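A look at the structure
The chain contents come next:
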Amino acid sequence: MTEIVVDPAEIEFFQNNGYIQYHDFFSPEEMASLRQALDNAVASERERIRGAEMGGRFSEDYERVFNQMVNLWTDYRQAKEIAFDSRLGEYARQLSRCKHVRIYHDHAMIKPPGQESKQTNWHQDAPYWPMDPVGALSAWIAVDDVSVENGCLHFVPGTHKHGRLDPISLTDEDDSVVDRFKEQGYEAPEPVAMPMRAGGLTFHHGCTFHYAGPNRTDKPRRAFAIIYIPDYTRFTGSHDAAGAAEEMEVGGPWEHAIHPIVAGQ
């Protein structure tokens, strides 16, 4: 296997800005296969979180933000091929400057079309993760072509440097980490939109402010994300650990079969 080396300039960009974009990372054939898996998961009404009460679905408002399903890699071969892709994992490892990365979980995010579709408020991911110190990052893959019209991601550069802030509500359209930030007297740089063709992706740090608008088209917007945990991160016990909380030690490493190492050693 050819050694994967991420351009040092790209690593520096990610470290400084908290995000980076890559076009055409995956082939059209790979995205067609993943698209089929996501469609099958929706058609079968697959639980949001396996084993959770009510399947992890508690709010119709939340479903209008997006239909989210976690750990599809445990159910679907096509999802596992992407979630465990060695090149993708190695990019995550090098961008985060660590020895190895584990998978926290994958998650499908299907934003419904039309008038009922809602925005994904400006937020950070890290407040919802049981991890310390913060260093985890996400690969967000466009399974369909994504645009401002159907809900592509937007990032506020450099905001990861402010660390983990209080969580916001993803169902209250008036709640926003950017607004809270400005109310405290800080200035936020202009956000950057991330339109791209299917097969493109972004990486973003868990503390980077990000947002996706409503889907104003007549077709669902399908995306697939994988969250990576750097080797130095410890489990805090503050939230469920994607099905492993009862089997891991608070303050200990993320050593569990559902969180395997996917790059490095």
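Predicted, not measured: the structure shown is a model, and the values here were computed from it.

1. Description of the overall build of the protein chain
Across its full length, the protein chain holds 6 helices and 13 strands. By residue count, 54% of the 265 residues in the protein chain fall in the buried class. Surface exposure of the protein chain reaches about 12100 Å², of which carbon and sulfur atoms provide 47%.

2. Details of the sheet that holds strand E7 (residues 153-155)
Strand pairing in a sheet is mediated by backbone hydrogen bonds. Such pairs are either parallel or antiparallel. Read from one edge to the other, the open sheet built from 4 strands follows the order E4-E10-E7-E8, with strand pairing classed as antiparallel. At either end of the open sheet lies a strand with only one pairing partner, and these are strand E4 (120-123) and strand E8 (192-193).

3. A closer look at the packing of aromatic side chains
Tallying each qualifying case throughout the model produces 14 aromatic pairs. Where Tyr 19 meets Phe 155, the ring centres are 5.1 Å apart and the plane angle is 20°; that geometry is what we call stacked. Remark: Phe 155 occurs in strand E7 and Tyr 19 occurs in strand E1 (residues 19-22); sequence separation between them is 136 residues. Here Tyr 19 matches Phe 155 in class, with each residue buried. Judged by centre distance (6.3 Å) and plane angle (75°), the ring pair of Tyr 104 and Trp 129 falls under edge-to-face. Residue Tyr 104 is found in strand E3 (residues 100-111), and its partner Trp 129 is found in the loop between E4 and strand E5 (131-132); the two are separated by 25 residues along the sequence. With respect to burial, Tyr 104 and Trp 129 carry one shared label: buried. These aromatic residues form a ring-pair network of at least three members: Tyr 22, Phe 25, Phe 26, Tyr 91 and Phe 203. Lying across the ring of Phe 84, Lys 80 places its NZ or CZ 5.4 Å from the centre.

4. Section: the environment of Glu 173
The residue Glu 173 is located in the loop between E7 and helix H6 (177-183) in this model. Separated by 52 residues in sequence, Glu 173 and Asn 121 have C-alpha atoms that sit 6.5 Å apart. If we skip the residues at most four places from it in the chain, Glu 173 touches Lys 118, Gln 119 and Asn 121.

5. Details of helix H5 (residues 86-95)
A large share of H5 lies buried, amounting to 8 of its 10 residues. You can read the cap of H5 off the contacts: a side-chain oxygen lies 3.2 Å from the backbone nitrogen of Arg 87, and it is on Asp 85. Remark: Arg 97 follows H5 within two positions and exhibits a positive phi of approximately 55°.

6. Structural notes on the packing of helix H1 (residues 8-17) against H5
Between H1 and H5, the least distance of the axes is 9 Å, while the angle of their chain directions is 65°. Every residue of H5 that contacts H1 at Glu 10, Ile 11, Phe 14 and Gln 15 is listed here: Tyr 91, Gln 94 and Leu 95. Looking at the contact of H1 with H5, its residues break down into 4 nonpolar, 2 polar and 1 charged.

7. Structural notes on the environment of Gly 135
On the secondary structure map, Gly 135 appears in the loop between E5 and strand E6 (137-142). Given the relative accessible area of 7%, Gly 135 is considered buried. Considering only alpha carbons, one finds Gly 135 and Gly 163, 28 residues apart in sequence, at a separation of 9.7 Å. Ignoring any residue separated from it by four or fewer positions in sequence, one finds Gly 135 in contact with Ser 96, His 205, Pro 230 and Tyr 232.

8. Things to note about the confidence of the model for the protein chain
Predicted confidence across the protein chain gives a mean pLDDT of 89, with 90% of residues reaching 70 or more. Below a pLDDT of 50 lies the segment residues 51-57, which in the model reaches 13 contacts outside its immediate sequence neighbourhood of four places, other chains included. Confidence over residues 62-66 falls short of pLDDT 50; this stretch has 21 contacts with residues more than four positions distant or in other chains.

9. Details of the pattern of salt bridges
Pairs can form between side chains of opposite charge once their charged atoms are near each other. If you walk through the whole model with that rule in mind, you get 10 salt bridges. For Arg 164, the salt bridge identified is with Asp 132, shortest N-O distance 3.1 Å. Of this pair, Arg 164 sits in the loop between E7 and H6 while Asp 132 sits in strand E5, placing them 32 residues apart in sequence. Judged by its relative accessible area of 34%, Arg 164 is partly exposed. A residue is classified by how much of its surface remains accessible, and Asp 132, at 40% relative accessible area, is partly exposed. Shared partners join several salt bridges into a network, and the residues in it are Arg 35, Asp 39, Asp 144 and Arg 222.

Calculation criteria
Residues numbered from 1 in each chain as written. Predicted model: local features only at pLDDT ≥ 70, side-chain atom pairs only at ≥ 80, totals over all residues. Heavy atoms only, no water. Helix = DSSP H or I, 4+ residues; strand = E, 2+ residues; numbered from the N terminus. Buried < 20%, exposed > 50% of the residue type's maximum accessible area, 1.4 Å probe, protein only. Areas by Shrake-Rupley, 256 points an atom, 1.4 Å probe, with all protein chains shown as cover. Pairing = 2+ DSSP bridges. Phe/Tyr/Trp six-rings, centres within 6.5 Å; stacked < 30°, edge-to-face > 60°. Lys NZ or Arg CZ within 6 Å of the ring centre and 35° of its normal. Contact = heavy atoms within 4.5 Å. Polar contact = N/O pair within 3.5 Å; in protein donor to acceptor, adjacent residues only side chain to side chain. Axes fitted to C-alpha atoms, helices over the stretch in contact; angles between N-to-C directions. Nonpolar A, V, L, I, M, F, W, Y, C, P; charged D, E, K, R; others polar. pLDDT = per-residue confidence, 0-100. Salt bridge = Lys/Arg side-chain N within 4 Å of Asp/Glu carboxyl O.

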